[in-house]
Amino acid sequence: MLNGIRVLDISRNVAGAFCAKLLGDLGAHVVLVEPAEGHPMRRHEPRAGDFSSEFSFFHTSKESLVLDIDADPVRFKKLISQFDIVVSSDTLEELEQRGMDYDRLSEYNAAIILCTVSGFGSFGPHSGYASNHLIACAAGGWSQLCGVPGREPLQTGAQVSETLAGGYAAAAVLLAFIGRSAHGVGEHIDVSVQEAVLAGAQIPSLIYEYRDLVVERYSSVGSGAGACYMLPTETGHIGLNALTLAQWLMLCRFLDQEQVALDDYYQGLSWTTPDVRLEDVREIFRDALAGRTAEALFHEAQEHRVPFGLVPGMADLLKLQPHVERAFFKELVHSDGSRVTVPGLPFTSAPLPAAAPMRNQSGEPKTPSDVKTGKRNSPVPGSQPLPLDGLRVLDLSMFFAGPTVSQILADAGADVIKVESLQRIDGWRGSGTQMDGELPSWEASPYFNWINRNKRDVTLNLKDPRGVAAVKTLAAKADIVIENFTPRVMAEFGLDYDVLKSLKPDLLMISLSGFGANVSWRDYVAFGMSTEQMSGISTLTGYADSEPLFTGMTGGDLYSGVMGAVIVLAALHQRRRTGQGCHIDLSQIEACNLYLGDEVAAFSMTGVEPGRQGNRSRKFAPQGIYPCSDGWLAISCMDDDAWSALCETMNLPDWLTWTLSQRQANHDEIDERISQWSQGQKKHDLWHLLQSRGVAAAAVLNGPELLQNPQLAARRFFIAQDRPGLGVKHYPGQPY
């Protein structure tokens, strides 16, 4: 799909590596630049020789070039002239210090696209702050919502904050490349992991502005109508999910507990305003599951159109029926003969990823015949249009996954027409609403109003032939159609891809169903909570001594939507090159699983389930979230220097020389000492003190604190919009 695009990956973090990996898996020619001792990921455990599980996943479909770009600027300059895109994990300020900022690179190649992706983004007072997944969870709002009362806030499982940012980076890079194809101008794209996390949170900033609520962690209950839980059965946990009031009633009926849905006592249950009734219902549902298995419950619930979700570990994930039927997982063989299993791309007819390279594998990069090297097109003077200016998108999707795709396209200039039905209103309009006054509730959802900005809207009854005819008229003039129904629905409307293609032969269409169109579960219902559960994230999220927890974010929808946008943009590039449209059959559970492919790779190498680690890390120690006088503070010692700095700050000279293995062995004792030290101090003071001394740290931020955060303000992340009846609210922008 991305044939002809050349990418130079000089990044060192997960987000940058994942961005370049996605581009490579989609067909771009990607060259990883690494030092003589190898990329840092090669040394992480578990590993076999030169291939760690992390390196094996994040560097598929790349070649390797050993080069010290600081010591050999002449060779680096030559490389820049041969590539379209450079992906870096440095901030722009750090690149400036190395003489590799965007202005310098554009002197070597006037059309170069530079993507910098870092923890807090370039520019602003925190741009140089150290970060990793834990720090991003704290600073971006996830930890505020993940965990249970009476215990410390949590990070989510895996490294999904970084991979989510990498997905956004890949989308932004493709938008810049598409724009450059029209005007010839290169661009600097800057991506913030903190901002990507906030975009994926349960929008704590908007809940605060809309409802004057500072939401606290209660992620043993999921978001949605009524109350959602993950509870044990005879064979593992099952997710009990209901996104709408109709589903809540069906869920209660399915468990023979209809009185819970009808009894006035249980009205108004919500994770945002928790009370003892949530625990009452938990025990009622727990008793209802006695003697039953997760698998039987899942399939029986689906027969009743109730979106239950399985909660698989890595072993069960590899055997999940839709994954097997679509051959989603791929066994790759490295050049040294070692093997690893990784997720593929989440759509049918996706190219097979290539195994990660040996050091210096392929040597100097080869120039494909369809790529011109040397001086690029000169920039076109004057301001440039948005990259998707003139593109028409017909958005038939609802809730969150599909609208995330169309939001990314709309923000980039596409003319998006959203189709709704008065007979079946978009369920997202009813989420998060609790308004007094004359404004209808369907106009007062913070989630709907955020994800559907920059779109036009029309209401059509697709069960009426006139409504179907209107959609056909719109599709005949559209470039892209987006829908996220179960696969049977579009055919029942008479609007499947073959029909729409006959009206517009070069049409691009993406279908984001829960499990894919070509599997035995094709008509099973899925929503964000169930796709999160079935991706493997849920089984990794929680305290080490307790049950799996919801992440406190919007479930799997955002992961699916961002990945869908990346694939749509790749297909758009392919259409502009070949003139051919296509139908993208995307599986949301596959898309979500791709974000934690490093955990799958690790399991395939060791056979050991990673389990729940709380706030700890296999790579860094100590790492945790610790009490302060006014909240909580995340701390992660990412190397020996950071550990030394922390010991000096806390006056612990006897521990100064402890190695990583010693710190991991004594983690409980270290955690206790840090908690004693931190609990009498303010979280923001310690955050900035530790960062100034080279220790990765961040305060756990809530809704109003995010709105007032100086880094987000400096980067103008929030978009102020004045909606009739609501006034000015501040909506998350794109994290680039």
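Further up the page is the structure itself.
Let me sum up the structure you'll find in this document. (Residues numbered from 1 in each chain as written. Predicted model: local features only at pLDDT ≥ 70, side-chain atom pairs only at ≥ 80, totals over all residues. Heavy atoms only, no water.)

### As for the overall build of the protein
Turning to step 1, where the next piece is worked out: Across its full length, the protein holds 32 helices and 24 strands.
Turning to step 2, where the next piece is worked out: Relative to a compact globule of 736 residues, whose C-alpha radius of gyration would be 27 Å, the protein shows 25 Å and is just as compact.
Turning to step 3, where the next piece is worked out: By its C-alpha atoms, the protein is 70 × 70 × 55 Å across when sized along the principal axes.
Turning to step 4, where the next piece is worked out: Sorting the 736 residues of the protein into buried and exposed places 62% on the buried side.
Turning to step 5, where the next piece is worked out: Of the contacts made within the protein by residues no fewer than 6 positions apart, 74% connect residues no fewer than 24 positions apart.
Turning to step 6, where the next piece is worked out: Surface accessibility of the protein: about 26100 Å² in total, with carbon and sulfur atoms responsible for 49%.
Turning to step 7, where the next piece is worked out: Seen as two clouds, the 62 positive and the 86 negative side-chain charges of the protein have centres 7 Å apart. (Helix = DSSP H or I, 4+ residues; strand = E, 2+ residues; numbered from the N terminus. Rg over C-alpha atoms; globule rule 2.2 N^0.38 Å. Buried < 20%, exposed > 50% of the residue type's maximum accessible area, 1.4 Å probe, protein only. Contact = heavy atoms within 4.5 Å. Areas by Shrake-Rupley, 256 points an atom, 1.4 Å probe, with all protein chains shown as cover. Lys, Arg positive; Asp, Glu negative; His and termini not counted. Charge placed at Lys NZ, Arg CZ, Asp CG, Glu CD.)

### Regarding the sheet that holds strand β7 (residues 113–118)
Turning to step 1, where the next piece is worked out: The strand order across the open sheet formed by 6 strands is β5-β2-β1-β6-β7-β8, and the pairing between neighbours is parallel. In the strand order of this sheet, the two ends are held by β5 (62–66) and β8 (187–192), each with one partner. Neighbour-to-neighbour, the strand axes of the sheet open up by a mean angle of 20°, direction not taken into account.
Turning to step 2, where the next piece is worked out: Bridging between strand β1 (residues 6–9) and strand β6 (residues 85–88) involves 3 bridges; their strand directions are parallel. When the sheet's bridge partners are listed, Val7 is paired in β6 with Ile85. (Pairing = 2+ DSSP bridges. Axes fitted to C-alpha atoms, helices over the stretch in contact; angles between N-to-C directions.)

### As for the side chain of Thr116
Turning to step 1, where the next piece is worked out: Residue placement: Thr116 occurs in strand β7.
Turning to step 2, where the next piece is worked out: Judged by relative accessible area, Thr116 falls into the buried class, the value being 0%.
Turning to step 3, where the next piece is worked out: Of the polar contacts made by the side chain of Thr116, one reaches the side chain of His188; its length is 2.8 Å.
Turning to step 4, where the next piece is worked out: Polar side-chain contacts of Thr116 include one of 2.5 Å to the side chain of Asp190.
Turning to step 5, where the next piece is worked out: Filtering out sequence-adjacent residues up to four positions away, Thr116 remains in contact with Ser88, Asp90, Leu92, Leu95, Ser122, His188, Ile189, Asp190 and Val191. (Polar contact = N/O pair within 3.5 Å; in protein donor to acceptor, adjacent residues only side chain to side chain.)

### Thoughts on the environment of Gln144
Turning to step 1, where the next piece is worked out: The topology assignment puts Gln144 in helix α7 (residues 142–145).
Turning to step 2, where the next piece is worked out: Classification of Gln144 as buried rests on a relative accessible area of 8%.
Turning to step 3, where the next piece is worked out: Here the alpha-carbon distance between Gln144 and Asp557, two residues 413 residues apart in the chain, equals 20 Å.
Turning to step 4, where the next piece is worked out: Setting aside residues no more than four positions away along its own chain, Gln144 makes contact with Val214, Val215, Glu216, Arg217, Val700, Leu701 and Asn702.
Turning to step 5, where the next piece is worked out: At a separation of 3.2 Å, a polar atom in the side chain of Gln144 contacts the side chain of Glu216.

### Points about the sheet that holds strand β11 (residues 309–310)
Turning to step 1, where the next piece is worked out: Read across the sheet, 3 strands follow the order β9-β10-β11 without closing on themselves; strand pairing throughout is antiparallel. Only two strands of the sheet have a single neighbouring strand rather than two, namely β9 (229–233) and β11.
Turning to step 2, where the next piece is worked out: Sheet topology places β9 next to strand β10 (residues 236–240); 5 bridges connect them, and they run antiparallel. Residue pairing across strands places Thr233 opposite Gly236, the latter belonging to β10.
Turning to step 3, where the next piece is worked out: The sheet contacts of helix α13 (residues 276–288) involve β9 and β10, and relative to β9 the element is tilted by about 35°.

### Things to note about the packing of aromatic side chains
Turning to step 1, where the next piece is worked out: Applying the stated criterion across every chain yields a total of 30 aromatic pairs.
Turning to step 2, where the next piece is worked out: Relative to Phe329, the ring of Phe328 has its centre 5.0 Å away and its plane inclined at 55°; by these criteria the two rings are tilted. Pair check on accessibility: Phe328 and Phe329 agree, each one buried.
Turning to step 3, where the next piece is worked out: Between the aromatic rings of Trp655 and Trp658, the centroid separation amounts to 4.8 Å while the plane-to-plane angle is 15°, which identifies the pairing as stacked. With respect to burial, Trp655 and Trp658 carry one shared label: buried.
Turning to step 4, where the next piece is worked out: An aromatic cluster is built from Phe399, Phe400, Trp428, Tyr447, Trp450 and Phe527, whose rings are joined through pairwise contacts.
Turning to step 5, where the next piece is worked out: In this arrangement the basic side chain of Arg6 is found over the ring face of Phe83, its NZ or CZ atom lying 4.4 Å from the centre.
Turning to step 6, where the next piece is worked out: Its end group placed over the ring of Tyr210, Lys729 keeps NZ or CZ at 5.5 Å from the ring centre. (Phe/Tyr/Trp six-rings, centres within 6.5 Å; stacked < 30°, edge-to-face > 60°. Lys NZ or Arg CZ within 6 Å of the ring centre and 35° of its normal.)

### Some points on the nonpolar core
Turning to step 1, where the next piece is worked out: Trp248, Phe285, Phe308, Leu388 and Leu409 are the most contacted members of the largest nonpolar core, which has 185 residues in total.
Turning to step 2, where the next piece is worked out: Ignoring sequence-local partners within four residues, the contact set of Leu409 consists of Leu388, Val393, Ala414, Ile480, Ile482, Val568 and Leu569.
Turning to step 3, where the next piece is worked out: Core analysis: the second largest hydrophobic core is formed by 40 residues, Cys637, Ala645, Leu706 and Leu712 among them. (Core = buried A, V, L, I, M, F, W, Y, C linked by side-chain atoms within 4.5 Å.)

### Let's talk about the pairing of strand β17 (residues 480–483)
Turning to step 1, where the next piece is worked out: Residues Ile480 and Ile482 point to one face of β17 and Val481 and Glu483 to the other, with burial holding for every one of them.
Turning to step 2, where the next piece is worked out: The sheet contact formed by strand β14 (residues 392–395) and β17 spans 3 bridges and is parallel. Bridging across to β17, Val393 finds its partner in Ile480.
Turning to step 3, where the next piece is worked out: Two strands pair when backbone bridges link them, and β17 and strand β18 (residues 508–513) are joined in this way by 4 bridges, in the parallel orientation. The partner of Ile480 across the bridge, within β18, is Leu508.

### With respect to helix α14 (residues 294–303)
Turning to step 1, where the next piece is worked out: Turning to α14, its buried residues number three or more, namely Ala294, Leu297, Phe298, Ala301 and Gln302. Buried positions in α14, seen along its axis, are confined to an arc of 125° and lie on one side of it.
Turning to step 2, where the next piece is worked out: Considering only its buried residues, α14 is in contact with β9, β10, α11 (245–254), β11 and α22 (528–535).
Turning to step 3, where the next piece is worked out: Phi turns positive, to about 65°, at Arg305, one or two residues after α14. (Arc of directions from axis to C-beta.)

### What to know about the packing of helix α1 (residues 14–25) against helix α8 (residues 160–183)
Turning to step 1, where the next piece is worked out: Taken N-terminus to C-terminus, the directions of α1 and α8 make an angle of 50°; their axes are 7 Å apart at the nearest point. Between α1 and α8, the angle falls in the class oblique. By crossing handedness, the relation of α1 to α8 is classed as right-handed. Contacts between α1 and α8 involve Val14, Ala15, Phe18, Cys19, Leu22 and Leu23 from the former and Glu162, Thr163, Ala165, Gly166, Gly167, Ala169, Ala170, Val173 and Leu174 from the latter.
Turning to step 2, where the next piece is worked out: A breakdown of the residues in the contact of α1 with α8 according to their chemical character gives 11 nonpolar, 3 polar and 1 charged. (Parallel < 35°, antiparallel > 145°, perpendicular 65-115°, else oblique. Left-handed = near helix turned anticlockwise from the far one by under 90°. Nonpolar A, V, L, I, M, F, W, Y, C, P; charged D, E, K, R; others polar.)

### Things to note about the pairing of strand β2 (residues 29–34)
Turning to step 1, where the next piece is worked out: β2 sits mainly inside the fold: 6 of its 6 residues count as buried.
Turning to step 2, where the next piece is worked out: Residues His29, Val31 and Val33 point to one face of β2 and Val30, Leu32 and Glu34 to the other, with burial holding for every one of them.
Turning to step 3, where the next piece is worked out: In this structure, β1 lies alongside β2, joined through 4 bridges in parallel fashion. Looking at the pairing, Val7 lines up with Val30 of β2.
Turning to step 4, where the next piece is worked out: Handedness of the β1-α1-β2 crossover: right-handed.
Turning to step 5, where the next piece is worked out: Across 5 bridges, β2 lies against β5 in parallel orientation. If you follow Val31 over to β5, its bridge partner there is Glu63. (Right-handed = clockwise from strand over helix to strand, strands pointing away.)

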